[in-house]
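The chain contents come next:
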Amino acid sequence: MDPDHIMQVGMGFFASKTLLSAVELGVFTELALKTDNADGLGNRLGLHERGRRDFFDGLVALGFLEREGEGSDAVYSNAPDSAAFLDRNERTYIGGILEMANARLYPFWADLTEALQTGAPQNEIKVTGRPMFEELYADPARLEQFMHAMSGISAGNFHALAEKFDFSRYQTLSDVGGATGLLSTIVAQHHPHMSCTSCDLSVVRPIAERACAAAGVTEHVTPVDLDFFADPIPPADVVTMGMILHDWNLEKKMHLIRAAYDALPEGGAFIVVENIIDDDRRENVFGLMMSLNMLIEFGDAFDFTGADFAGWCREAGFRDIEILPLAGPASAGIAYK
Ligand SMILES: C[S@@+](CC[C@H](N)C(=O)[O-])C[C@H]1O[C@@H](n2cnc3c(N)ncnc32)[C@H](O)[C@@H]1O
């Protein structure tokens, strides 16, 4: 027995905040433009002398940077995965989710204890009294940041879904809460016979239209306005929801599952992409922490197990349910009508 694990988790915020600040400051984007020594890079980033070497060498020790040489002449560069995923100028950039974590979740998680004691959300609503999505939609810059954050976290899962799920039996897809239209875009790119509709609130549609035009999929993907608590879901062979159910309480989850059922033909598939928790609730750490994050964001919203999903879908009338592992902690829950 030793206390290593306790200390690693307990002080884990040291490492976490070091990476989040590096993304915020653009360390990886700068180094992709030009490798540099500590003073050169520190000057380019506007950092005080005191912290420079500790910061850069800490990032070396964490595996995010590489360093050639010792002392003040040593030259820093990006580690291969940092170069691929943390350089803002790369198409594969996933830092949006880390920018959002840095700007919002990191300060909100400081109040986790209060959330646990009260069951109340600890995000913007504490200051403004307005729910999170309303708050985001009132501020276009923040909305765009959130949409890019979602794309960063979801892209790998959507590619895995497009590769693993058999779309050959289907022609049409409605993606509910589709944000930038990324799920539809990736499905259409992998399966050009599919015709996809990406449905989200009207303020989101221009963002989706721009993203679909940039991806060259406008013939296969149509962004439309939908308020999923007021409007029926556009009928399709496949209805998808990426990270939607976990945003809501059980009553609203059931509303969405029933709405998906109504939109599908016999044999149609309802697919959710989420960090589905293992049925024993012992292993999927990220899924369990994400559920705590939903407490922080919404209070009564929560993540769920595959068995929970199967039970709700059977109650709504679905026939067969399966869980398909995707990337990392995420899975697809699939229910057939
Ligand atoms: C957590 S994001 C998920 C985005 C995307 N599906 C993904 O997996 O990356 C939730 C999405 O639901 C949308 N949304 C929230 N309330 C909605 C409503 N009442 N009707 C339609 N969309 C809504 C938001 O605009 C946002 O795009």
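These numbers were taken from a predicted model, which means no experiment stands behind them.

A. Just the environment of Leu 20, in detail. Looking at the secondary structure, you find Leu 20 in helix H2 (residues 12-25). Sequence spacing of Leu 20 and Tyr 106 is 86 residues, and the spatial spacing of their C-alpha atoms is 9.2 Å. If we skip the residues at most four places from it in the chain, Leu 20 touches Leu 98, Ala 101, Asn 102 and Tyr 106.

B. Summary view of the sheet that holds strand S8 (residues 269-274). The strand order across the open sheet built from 7 strands is S6-S5-S4-S7-S8-S10-S9, with neighbouring strands paired in mixed fashion. One side of each edge strand has no neighbouring strand; the edge strands of this open sheet are strand S6 (221-225) and strand S9 (320-325). When the angles between neighbouring strand axes are averaged without regard to direction, this sheet yields 20°. Both strand S5 (residues 195-200) and S6 contribute to a ladder of 5 bridges, which runs parallel. The residue of S6 that forms the bridge with Cys 199 is Val 224. Running at roughly 150° to S9, helix H16 (residues 306-316) makes contact with S8, S9 and strand S10 (331-336) of the sheet.

C. Up close: the pairing of S9. Pairing geometry for S9 and S10, over 6 bridges, is antiparallel. When the sheet's bridge partners are listed, Pro 325 is paired in S10 with Ser 331. Adjacent in sequence and paired antiparallel, S9 and S10 are bridged by 5 residues, among which Gly 328 carries a positive phi angle near 50°.

D. Region of the structure containing the domain arrangement of the protein. Taken domain by domain, the protein comprises domain 1 (4-85) and domain 2 (153-336). Distance between the C-alpha centres of domain 1 and domain 2: 36 Å.

E. The nonpolar core, seen in detail. Of all hydrophobic cores here, the largest spans 81 residues; its most connected members are Val 176, Val 239, Ala 260, Phe 270, Ile 271 and Ala 332. The element contributing the most residues to this core is helix H11 (residues 140-164), with 7 residues. Residues within four places of Val 176 in sequence aside, it is in contact with Cys 199, Leu 226, Phe 228, Ile 233, Val 239, Thr 240, Met 241 and Ile 244.

F. Seen up close, the packing of helix H14 (residues 250-263) against H16. Close contact between H14 and H16 brings their axes to 9 Å; oriented N to C, the two are set at 55°. As judged from the angle between their axes, H14 and H16 are oblique. Classified by chirality, the crossing of H16 by H14 is right-handed. Along its contact with H14, which presents Lys 253, Met 254, Ile 257, Arg 258 and Tyr 261, the element H16 presents Trp 312, Cys 313 and Ala 316. Here the contact of H14 with H16 is composed, by residue class, of 6 nonpolar, no polar and 2 charged.

Parameters and conventions
- Position numbers for residues count from 1 along each chain, tracking the sequence in the order it is written.
- Since the coordinates come from a predicted model, pLDDT governs what is reported: local features require at least 70, and pairs of side-chain atoms require 80 or more to be given and counted, while whole-chain, interface and lining totals use all residues.
- The way it works is that DSSP assigns letters per residue, a run of H or I at least four long becomes a helix, a run of E at least two long becomes a strand, and they are numbered from the N terminus.
- Residue pairs qualify as contacts under a 7 Å threshold applied to their C-beta atoms, which are placed from the backbone.
- Criterion used throughout: strands pair if DSSP finds at least two bridges between them.
- Only the contacting stretch of a helix is used when fitting its axis, a line to C-alpha atoms as for every element, and angles between N-to-C directions run 0 to 180 degrees.
- Those domain boundaries reflect an automatic or database domain assignment.
- To count as a nonpolar core, a set of buried Ala, Val, Leu, Ile, Met, Phe, Trp, Tyr and Cys residues must be joined through C-beta atoms within 7 Å.
- For the exposure call, what matters is how many other C-beta atoms sit within 10 Å of a residue's own: 20 or more marks it buried, 12 or fewer exposed, and in between partly exposed, using C-beta atoms placed from the backbone.
- If an angle is under 35 degrees, it is roughly parallel; if it is over 145, roughly antiparallel; if it lies from 65 to 115, roughly perpendicular; otherwise it is oblique.
- The sense of a crossing depends on the near helix, which, turned anticlockwise from the far helix by less than a right angle, makes the crossing left-handed and, turned clockwise, makes it right-handed.
- Three categories are distinguished: nonpolar for Ala, Val, Leu, Ile, Met, Phe, Trp, Tyr, Cys and Pro, charged for Asp, Glu, Lys and Arg, and polar for the others, with Gly belonging to the last.

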